[in-house]
Amino acid sequence: MKITISKEELAWGVQTIQSALSSRTTLPILLNFLIETEDKKVKVISTDLEMGVKHYIKAEIETDGSITIPAKKFADILHSLPEAQDIELTVDAGGKISLKCGRSRFGMVGSPKSEYPVLPEFNKASSFELPAGIVAGMIKKTIFAASSDETRHVLNGVFWAAKKGLLEMVSTDGRRLAVCAKKILPKDKEFAVIVPTKVLSELLRLITLLEIEENDAEKILVAVTDNQITFQLKETTILSRLVGG
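How each quantity is defined
Residues numbered from 1 in each chain as written. Predicted model: local features only at pLDDT ≥ 70, side-chain atom pairs only at ≥ 80, totals over all residues. Heavy atoms only, no water. Axes fitted to C-alpha atoms, helices over the stretch in contact; angles between N-to-C directions. Helix = DSSP H or I, 4+ residues; strand = E, 2+ residues; numbered from the N terminus. Parallel < 35°, antiparallel > 145°, perpendicular 65-115°, else oblique. Contact = heavy atoms within 4.5 Å. Nonpolar A, V, L, I, M, F, W, Y, C, P; charged D, E, K, R; others polar. Core = buried A, V, L, I, M, F, W, Y, C linked by side-chain atoms within 4.5 Å. Buried < 20%, exposed > 50% of the residue type's maximum accessible area, 1.4 Å probe, protein only. Pairing = 2+ DSSP bridges. Polar contact = N/O pair within 3.5 Å; in protein donor to acceptor, adjacent residues only side chain to side chain. Patch = residues over 30% accessible without salt bridge, like charges linked within 9 Å, V, L, I, M, F, W, Y side chains within 5 Å. Areas by Shrake-Rupley, 256 points an atom, 1.4 Å probe, with all protein chains shown as cover. Salt bridge = Lys/Arg side-chain N within 4 Å of Asp/Glu carboxyl O. Lys, Arg positive; Asp, Glu negative; His and termini not counted. Charge placed at Lys NZ, Arg CZ, Asp CG, Glu CD.

A.B. asks: Teacher, can you tell me more about the packing of helix α1 (residues 7-17) against helix α4 (residues 197-209) here?
C.D. replies: Packed helices, taken two at a time, are described by the angle their axes make and the gap between the axes. Close contact between α1 and α4 brings their axes to 10 Å; oriented N to C, the two are set at 155°. As the angle between them shows, α1 and α4 are arranged roughly antiparallel. The segment α1 lies against α4, with Trp12, Gln15 and Thr16 engaging Glu202, Arg205, Leu206 and Leu209. Residue composition of the contact of α1 with α4, grouped by class: 3 nonpolar, 2 polar and 2 charged.

Here's what the structure looks like:
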């Protein structure tokens with residue numbers, strides 16, 4: 001693999017996916033993130049097996065390929081590189097990664113893509129649109145009341161109930177209760193799921209980073225299945241297992 005990419009674009013991509021990196025894991029590969037070429041873009045992916053984040057970055061691709069890279073070490077290197085410069089990233093057949101940026105040169109060893117967990121594809125056919133700014137406002141008004149007590153797992157999320165066009169978000173820690181409801185859904189959508197606070201915090205962080213306000217027209221694509229929820233906003237896809245109970 002050989003690509004040329006701006007430092008700002010790559011740093012933004014790594015920042016976008018960093019929340020899904022596992023800090024406590026018995027699987028060393030989860031300390032890495034996956035980078036690969038796809039459809040003339042570069043895709044970066046991270047997962048902790050509960051949540052996954054995928055982000056697409058513009059780049060000049062000379063040769064296609066993929067590799068998983070130690071995330072912390074790579075972030076430290078990115079931080080030290082000069083601003084407003086392009087980075088040339090090369091991976092040889094043995095998995096050795098070379099970075100060139102201005103007069104800086106770095107090398108490290110990655111692991112093959114085959115060792116990394118596969119993220120499910122986003123099924124656009126079953127998805128629906130929601131106004132991103134309004135969803136962010138609803139999350140802010142409910143997420144604070146969710147429990148962080150791991151012994152009461154079912155309360156470690158926000159309950160999303162959809163019926164007749166109304167989306168209701170409810171959270172509680174057993175002592176306080178927060179409820180927010182808005183008519184923002186297609187009328188044919190009906191579901192009742194508990195969405196983990198971790199994925200909602202990440203979605204809120206992304207909407208804030210993109211500076212999307214409550215009255216903006218920006219839409220977010222959402223897909224809900226029996227055990228998973230997926231959000232797609234611009235070039236970023238976030239997916240998570242649902243809380244059972």
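So, next bit.
A.B. asks: Would you explain the nonpolar core in this entry?
C.D. replies: Side chains of a nonpolar character, in soluble globular proteins, are inclined to be buried together. Counting residues in each nonpolar core, the largest one holds 62 residues, and the members touching the most others are Ile35, Phe74, Leu130 and Trp160. By residue number, the principal contributor to this core is α4, which donates 6 residues. Dropping the residues within four chain positions of it, Ile35 is found in contact with Met1, Ile3, Leu10, Val42, Lys43, Val44, Gly65, Ser66, Ile67, Ile69 and Leu89. Judged by nonpolar contacts, the second largest core, of 7 residues, contains Ile29, Leu30, Leu119 and Leu239.

A.B. asks: How should I be thinking about the sheet that holds strand β6 (residues 66-70) in this particular structure?
C.D. replies: What holds strands together in a sheet is hydrogen bonding between their backbones, with the strands either parallel or antiparallel. With respect to topology, 8 strands assemble into an open sheet ordered β6-β2-β3-β4-β17-β16-β15-β10, the strand pairing being antiparallel. Each having just a single partner strand, β6 and β10 (128-131) make up the two edges of the open sheet. Within the sheet, the average angular offset between the axes of one strand and its neighbour, ignoring direction, is 20°. As judged from the 5 bridges shared by strand β2 (residues 32-38) and β6, these two strands associate in the antiparallel manner. Note that in β6 the partner of Phe33 across the bridge is Ile69. α1 contacts β2, β3 (41-47), β4 (51-58) and β17 (236-241) of the sheet and is inclined by roughly 170° relative to β4. Of the strands in this sheet, β10, β15 (219-224) and β16 (228-233) touch helix α3 (residues 132-142), which is tilted by about 70° from β10.

A.B. asks: Would you take a moment to explain the sheet that holds strand β11 (residues 157-163) for this structure?
C.D. replies: As summarised here, the arrangement of the 4 strands in space is β13-β12-β11-β14, forming an open sheet in which the pairing is antiparallel. The open sheet has two free edges, formed respectively by β13 (177-183) and β14 (191-196), since each of these has just one partner strand. Across this sheet, the average inter-strand angle for adjacent strands is 20°, counted without regard to direction. Helix-sheet contacts for α3 involve β11, β12 (166-172) and β13, and the interaxial angle to β13 is about 165°. Strands β11 and β14 of the sheet are contacted by α4, whose axis makes an angle of about 80° with β14.

A.B. asks: Please clarify how the side chain of Thr47 should be interpreted in this entry.
C.D. replies: Its place among the elements puts Thr47 in strand β3. Looking at Thr47, its side chain comes within polar contact range of the main-chain oxygen of Met51, at 3.0 Å. Setting aside residues up to four positions removed in sequence, Thr47 forms contacts with Ala20, Ser22, Leu30, Gly52, Tyr116, Pro117 and Leu119.

A.B. asks: How should I be thinking about the environment of Pro186 in this particular structure?
C.D. replies: Position of Pro186 relative to the elements: it lies in the loop between β13 and β14. Look at Pro186 and you get partly exposed, because its relative accessible area is 28%. With 57 residues separating them along the chain, Pro186 and Glu129 place their C-alpha atoms 8.2 Å apart. Among all residues touching Pro186, those that are not within four sequence positions of it are Phe128, Glu129 and Gly165.

A.B. asks: Would you mind going over unusual backbone geometry with me for this structure?
C.D. replies: Phi is mostly negative for residues that are not glycine, and the peptide bonds are mostly trans. Despite not being glycine, Ala84 shows a phi value in the positive range, around 55°. Structurally, Ala84 can be placed in the loop between α2 (71-80) and β7 (86-91).

A.B. asks: Looking at this structure, how should I read the pairing of β12?
C.D. replies: Alignment of β11 against β12, held across 5 bridges, turns out to be antiparallel. Among the inter-strand pairings, Lys163 is bridged to a residue of β12, identified as Leu166. Hairpin remark: β11 followed by β12, antiparallel, with 2 residues in the connecting loop; positive phi at Lys164, about 50°. Of the strand pairs in this sheet, β12 and β13 are connected by 7 bridges, and their pairing is antiparallel. The residue bridging Met169 from the neighbouring strand is Cys180, located in β13.

A.B. asks: Where do I start with a positive patch on the surface in this structure?
C.D. replies: There is a patch of like positive charges on the surface, built from Lys163, Lys164, Lys183 and Lys187. Inspection of the secondary structure puts Lys164 in the loop between β11 and β12.

A.B. asks: What is the right way to read a negative patch on the surface from this model?
C.D. replies: The grouping of Glu8, Glu9, Glu60 and Asp86 at the surface amounts to a negative patch. Residue Glu9 is classed as partly exposed on the basis of its relative accessible area, which comes to 32%.

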